Every structure is written in structure tokens, then in C-alpha cells.
Amino acid sequence: MIRRKIIAGNWKMNKPAADGGALAKDIVEEIGRETSVDIVLCPPFTALQGVGHALEGQAIKLGAQNMHPEKNGAYTGEVSAEMLRTLYVTHVILGHSERRTYFAETDAFINKKVLAALTHQLKPILCVGETLAEREAGSTLAVVQRHVEAGLAGVTKEQITNVIIAYEPVWAIGTGKVATTAQAQEAHAYIRALLTKLYGAPLAQKVRILYGGSMKPANAAELLAEKDIDGGLIGGASLEAKSFIELVKAADAAK
Ligand code: 13P
């Protein structure tokens with residue numbers, strides 16, 4: 001397989017700085033420097049520095065959960081790509097459904113962030129996916145297409161392999177309701193086809209597409225065995241070292 005699997009933990013609004021540092025240390029101790037899977041920890045902003053210290057010299061990467069597209073200025077409460085870079089952040093989750101829903105983020109705004117992240121050498125993890133109502137209305141693939149095409153507008157052939165896409169059906173997030181492997185693979189294959197149309201097959205084959213939505217040790221192996229599922233963006237199961245490490249092991253076994 002030419003694509004290295006990725007297991008990324010989205011801690012969401014959990015883990016104050018001290019707890020985050022401790023969790024990162026536990027994960028580092030278990031995994032060590034050698035790993036065949038790309039691992040990314042995405043703590044809240046306040047824990048980035050502490051987690052970054054715990055990851056120093058390790059193979060595990062540091063990610064943020066959001067950023068603002070501008071470099072600096074009067075944007076109260078926001079953080080720029082450049083600021084994240086000074087904390088050794090390498091990845092940033094963008095367009096998560098919780099940001100689309102609770103903070104009214106649009107595709108156009110998310111696209112600005114994707115472009116700004118790439119300009120500053122941050123790898124965006126662009127989240128896409130339909131709500132339950134959209135799935136029931138039969139518009140899953142149309143929604144995924146809109147999220148992918150609008151989110152990637154202006155991303156060049158030189159940049160696209162630095163983008164990671166996460167398919168996260170909204171109805172599966174935090175609900176314990178995981179997409180069936182067939183539902184997930186269908187969406188992933190569709191995203192790969194969209195990437196092929198936009199960038200050509202050789203580049204599309206290199207882009208990693210993660211699944212997110214109630215992924216846990218019990219269901220990971222089956223999902224990760226699918227042809228176009230290149231890893232996971234994990235919420236709940238990333239908050240404990242034991243389950244997160246089990247997911248890394250499942251990705252290692254599936255590679
Ligand atoms: P859960 O794994 O808690 O369902 O969350 C998934 C998610 O939103 C990751 O970004």
C-alpha cells in the first residue's frame with residue numbers, strides 16, 4: 001500500500017493542559033519513536049504547548065483543531081497558522097462538522113483556512129460529511145462533493161498531497177452509531193474519484209482519506225481494511241491512552 005495509515009486524535013474541548021500532557025506522555029511511552037503509522041494528537045489550544053513538549057523528539061505529530069485564515073490582526077479569540085507553527089504544530093483540523101454547525105462556518109471560509117494552512121506548511125485535515133437528514137434525503141454524495149470541491153478550491157497539484165481528508169458522517173459522531181464499512185467505503189471511493197477528476201489519478205492515489213465517527217478498537221479493523229480508508233479521526237476513543245493505542249495497533253495491522 002502506498003499510503004501510510006494515519007490515526008489522529010481529536011480531543012475536542014477536553015483535557016486541560018496538565019491532563020493533556022499526561023495523556024501524551026502515556027501514548028509516547030507505549031509507542032516509542034518507531035511507528036509505521038502516522039499519529040497526530042490534536043489537543044485544545046491551551047494544551048498545545050504541553051503536549052508539544054511531551055512529543056519532542058518523537059515521531060508523533062501535533063495538530064490543532066482550528067485556526068483563522070488571516071496572519072494576525074483584530075480577530076478577538078482567534079489563532080493564526082503562524083502562531084500554531086511557533087508551537088511546532090504540523091497539522092490542523094478544518095471544517096469539522098461541530099464548527100460548521102455551532103460556529104456557522106461556511107465552505108468559503110473553510111477554504112480560506114485550507115489555503116492559509118498550506119501556505120504556512122500546516123497540513124489541513126479537511127472534514128466533510130452529511131447530516132442524518134441529508135443521508136435520508138439521498139443527498140450524501142452531493143453534500144460530500146460540495147464540501148470537497150469548495151474546501152479544496154485553489155489547492156494546487158503541488159499542494160494536494162499535503163491535504164488529508166476526513167469523511168465524518170455527522171450522524172455517526174459521538175453517537176456510538178458507526179457507518180457500516182460499505183457506507184464508509186462508498187463515500188471514501190467517491191472522494192477518491194472526485195480527487196482523481198480534480199488532480200489526476202497518480203496524485204489522488206496519494207491523498208489520505210480518514211474515517212471519523214464512533215471509531216473504536218471494536219470496529220476499527222473492519223473499517224481500516226477497506227481499500228480507500230486510510231486511517232481514522234478519532235474523538236471519544238482518543239481520550240484514553242489504552243483505546244487510542246489499540247487503534248494505532250489496528251492501523252498497523254491493516255497497513
Ligand atoms: P467520535 O469518535 O467521538 O464519534 O468523534 C469523531 C469526530 O468528530 C472526530 O473528529
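Residues numbered from 1 in each chain as written. Predicted model: local features only at pLDDT ≥ 70, side-chain atom pairs only at ≥ 80, totals over all residues. Heavy atoms only, no water.

**A word on the overall build of the protein**
Here is step 1 of the chain: Within the protein, the secondary structure is distributed over 11 helices and 8 strands.
Here is step 2 of the chain: Rg of the C-alpha trace for the protein: 17 Å, near the compact-globule value of 18 Å for 255 residues, within the 12% margin.
Here is step 3 of the chain: Projected onto its principal axes, the C-alpha positions of the protein cover 45 × 45 × 35 Å.
Here is step 4 of the chain: Residues classed as buried in the protein amount to 53% of the 255 residues present. (Helix = DSSP H or I, 4+ residues; strand = E, 2+ residues; numbered from the N terminus. Rg over C-alpha atoms; globule rule 2.2 N^0.38 Å. Buried < 20%, exposed > 50% of the residue type's maximum accessible area, 1.4 Å probe, protein only.)

**Topic: the packing of aromatic side chains**
The relative placement of two aromatic rings is captured by the distance of their centres and the angle of their planes.
Here is step 1 of the chain: For the structure shown, the criterion picks out 1 aromatic pair.
Here is step 2 of the chain: Centre to centre, the rings of Tyr167 and Tyr211 are 6.4 Å apart; their planes meet at 55°, and the pair counts as tilted. Placement of the pair is Tyr167 in strand β6 (residues 164-167) and Tyr211 in strand β7 (residues 208-211), with a sequence separation of 44 residues.
Here is step 3 of the chain: Given the relative accessible area of 0%, Tyr167 is considered buried.
Here is step 4 of the chain: For Tyr211, a relative accessible area of 0% gives the class buried.
Here is step 5 of the chain: Its end group placed over the ring of Phe103, Arg99 keeps NZ or CZ at 4.1 Å from the ring centre. (Phe/Tyr/Trp six-rings, centres within 6.5 Å; stacked < 30°, edge-to-face > 60°. Lys NZ or Arg CZ within 6 Å of the ring centre and 35° of its normal.)

**Observations regarding the site of the ligand**
Here is step 1 of the chain: Every residue close to the ligand is listed here: Asn10, Lys12, His96, Glu168, Ala172, Ile173, Gly174, Gly213, Ser214, Leu233, Gly235 and Gly236.
Here is step 2 of the chain: Contact between the ligand and Gly174: an oxygen atom at 2.7 Å from a main-chain N or O atom of the residue.
Here is step 3 of the chain: Within the backbone of Ser214, an N or O atom sits 2.7 Å from an oxygen atom of the ligand.
Here is step 4 of the chain: Tallied by class, the residues present in the shell around the ligand amount to 3 nonpolar, 7 polar and 2 charged. (Near = heavy atom within 4 Å. Polar contact = N/O pair within 3.5 Å; in protein donor to acceptor, adjacent residues only side chain to side chain. Nonpolar A, V, L, I, M, F, W, Y, C, P; charged D, E, K, R; others polar.)

**With respect to the side chain of Glu168**
Here is step 1 of the chain: Checked against the element boundaries, Glu168 lands in the loop between β6 and α8 (181-199).
Here is step 2 of the chain: One buried charged residue, Glu168, forms no salt bridge at all, with the nearest opposite charge on Lys12 at 6.0 Å.
Here is step 3 of the chain: Residues contacting Glu168, with those up to four places away along its chain left out, are His96, Cys127, Val128, Gly129, Glu130, Ile173, Gly212 and Leu233. (Lys, Arg positive; Asp, Glu negative; His and termini not counted. Salt bridge = Lys/Arg side-chain N within 4 Å of Asp/Glu carboxyl O. Contact = heavy atoms within 4.5 Å.)

**Some points on the pairing of strand β2 (residues 38-42)**
The two faces of the sheet receive side chains in turn, since in a regular strand these alternate between them.
Here is step 1 of the chain: Counting buried residues in β2 gives 4 out of 5 residues, a clear majority hidden from the surface.
Here is step 2 of the chain: Both strand β1 (residues 6-10) and β2 contribute to a ladder of 5 bridges, which runs parallel. Within the sheet, the bridge partner assigned to Ile6 lies in β2 and is Asp38.
Here is step 3 of the chain: In this fold, the crossover linking β1 to β2 by way of helix α1 (residues 17-31) has right-handed handedness.
Here is step 4 of the chain: Both β2 and strand β3 (residues 61-64) contribute to a ladder of 2 bridges, which runs parallel. Counted as the bridge partner of Val40 is Lys61 from β3. (Pairing = 2+ DSSP bridges. Right-handed = clockwise from strand over helix to strand, strands pointing away.)

**Description of the pattern of salt bridges**
Here is step 1 of the chain: If you walk through the whole model with that rule in mind, you get 15 salt bridges.
Here is step 2 of the chain: Of the charged contacts in the structure, one is a salt bridge between Asp38 and Arg208, with a shortest N-O distance of 3.1 Å. Here Asp38 is found in strand β2, whereas its partner Arg208 is found in strand β7, with 170 residues between them in sequence.
Here is step 3 of the chain: For Asp38, a relative accessible area of 23% corresponds to the partly exposed category.
Here is step 4 of the chain: Residue Arg208 is classed as buried on the basis of its relative accessible area, which comes to 14%.
Here is step 5 of the chain: Note that Glu130 is salt-bridged to Arg135, the shortest N-O span being 2.8 Å.
Here is step 6 of the chain: Connected via shared salt-bridge partners are Arg3, Arg192, Lys227, Asp228 and Asp230.

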